[in-house]
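What follows is the residue order along each chain.
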Amino acid sequence: MKNFRPFLLLALVAMLASCSTVRVSSDYDQSANFNEYKTFAFFKPGIDKAEISDLDKKRILRAIEDNLLAKGFVKSENPSMLVSIFTTAQQRVDVFNNYGWGAWGAWGPWGPWGGGFGNTVSRTTEGTLYIDLIDAQKKELVWQGQGTGYLARDVERKQERINEIVGEIMQEYPPKKMASN
């Protein structure tokens, strides 16, 4: 029974770690000269299509703007780059099989004779945020960053989580090939 406790602790740590990570990737047009992009504006028609609340859109746009300003970009009415977003969400269901006496020892969750048999089901909403950077003159996508992670439910944590996701995505910009120029 005591040998099961380290396994339970390891499973709990792994579960918590998976909740806090953001998986990111990016893709870009290899012929684009990213050094030419110095100004930006948000592409309202694209942003309006994102199927999330207006409050979450504001949170995301605020985080993107903060990241771009920190990279030296200037918000402009005549931008060299347009920024758009879209999102997807899916329910993530994790099932943990509990066999044996469990972490509670002989006093299981169902009383003194109950072992830890059965399944534990964890449900979280996992979202993916896509940030598109579009050449304003050519109207062509030149860079796309993608971040996938769990979504915060409480209002106080939402902006913090969005900042984390956007920050991780924007670390991919400019593309590494261009960062050395």
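Note that the coordinates shown come from a computational prediction; the quantities given were computed from them, not determined experimentally. (Residues numbered from 1 in each chain as written. Predicted model: local features only at pLDDT ≥ 70, side-chain atom pairs only at ≥ 80, totals over all residues. Heavy atoms only, no water.)

### Quick notes on the overall build of the protein
- Across its full length, the protein holds 5 helices and 6 strands.
- Ordered by position from the N terminus, the helices and strands of the protein form the series α-β-β-α-α-β-β-β-β-α-α.
- Looking at the protein as shown, the accessible area adds up to about 11,300 Å², and 56% of this sits on carbon and sulfur atoms. (Helix = DSSP H or I, 4+ residues; strand = E, 2+ residues; numbered from the N terminus. Areas by Shrake-Rupley, 256 points an atom, 1.4 Å probe, with all protein chains shown as cover.)

### Notes on helix α3 (residues 54-70)
- The end-to-end C-alpha distance of α3 is 24 Å, a good match for the 24 Å that 17 residues give at a rise of 1.5 Å each.
- Along α3, the residues classified as buried are D56, K57, R59, I60, L61, A63, I64 and L68. (Expected span 1.5 Å × (residues − 1). Buried < 20%, exposed > 50% of the residue type's maximum accessible area, 1.4 Å probe, protein only.)

### What about a nonpolar patch on the surface?
- Residues V93, V95 and V121 make up a contiguous nonpolar surface patch of roughly 240 Å² in combined accessible area.
- Residue placement: V95 occurs in strand β4 (residues 81-98). (Patch = residues over 30% accessible without salt bridge, like charges linked within 9 Å, V, L, I, M, F, W, Y side chains within 5 Å. Salt bridge = Lys/Arg side-chain N within 4 Å of Asp/Glu carboxyl O.)

### Side note on the packing of α3 against helix α4 (residues 155-170)
- Running from N to C, α3 and α4 cross one another at 45°; their axes reach a closest spacing of 9 Å. The angle between α3 and α4 places the two elements in the oblique class. Our pair here, α3 against α4, has a crossing hand that is right-handed. On α4, the residues that touch D56, R59, I60, R62, A63, I64, N67 and L68 of α3 are V155, K158, Q159, I162, N163, V166, G167 and M170.
- Classifying every residue of the contact of α3 with α4 gives 8 nonpolar, 4 polar and 4 charged. (Axes fitted to C-alpha atoms, helices over the stretch in contact; angles between N-to-C directions. Parallel < 35°, antiparallel > 145°, perpendicular 65-115°, else oblique. Left-handed = near helix turned anticlockwise from the far one by under 90°. Contact = heavy atoms within 4.5 Å. Nonpolar A, V, L, I, M, F, W, Y, C, P; charged D, E, K, R; others polar.)

### What about α4?
- In this model α4 runs 23 Å from its N-terminal to its C-terminal C-alpha over 16 residues, within 8% of the 22 Å that 1.5 Å per residue would give.
- Of the positions making up α4, those classed as buried are Q159, R161, I162, I165, V166, G167, I169 and M170.

### Quick word on the pattern of salt bridges
- Considering all chains together, one arrives at 8 salt bridges under this definition.
- Ionic pairing is found between E126 and R23, a salt bridge with its closest N-O pair at 2.9 Å. With E126 in strand β5 (residues 118-135) and R23 in strand β1 (residues 23-28), the pair connects residues that are 103 residues apart, well separated along the chain.
- Classification of E126 as buried rests on a relative accessible area of 12%.
- Among the salt bridges present, the one from D48 reaches K44, with a minimum N-O distance of 3.1 Å. Pair noted here: D48 and K44 are both in helix α2 (residues 44-48), with a separation of 4 residues, about one helical turn.
- Taking relative accessible area as the criterion, D48 reaches 44% and is therefore assigned partly exposed.
- On the accessibility criterion, K44 (54% relative accessible area) is exposed.

### A look at the packing of aromatic side chains
- Tallying each qualifying case throughout the model produces 7 aromatic pairs.
- With a centroid separation of 6.0 Å and an interplanar angle of 75°, the aromatic rings of Y28 and F34 are classed as edge-to-face.
- Its relative accessible area of 24% is what places Y28 among the partly exposed residues.
- Each ring, one from F86 and one from Y130, has its centre 4.2 Å from the other, and the planes form 5°; the classification is stacked. On the criterion of sequence distance, the pair formed by F86 in strand β4 and Y130 in strand β5 is long-range, its members being 44 residues apart.
- Judged by its relative accessible area of 33%, F86 is partly exposed.
- Y130 gets classed as buried once you look at its relative accessible area, which sits at 16%.
- Among the aromatic side chains, those forming a connected cluster through ring pairs are Y28, F34, Y37, F73, W143 and Y173. (Phe/Tyr/Trp six-rings, centres within 6.5 Å; stacked < 30°, edge-to-face > 60°.)

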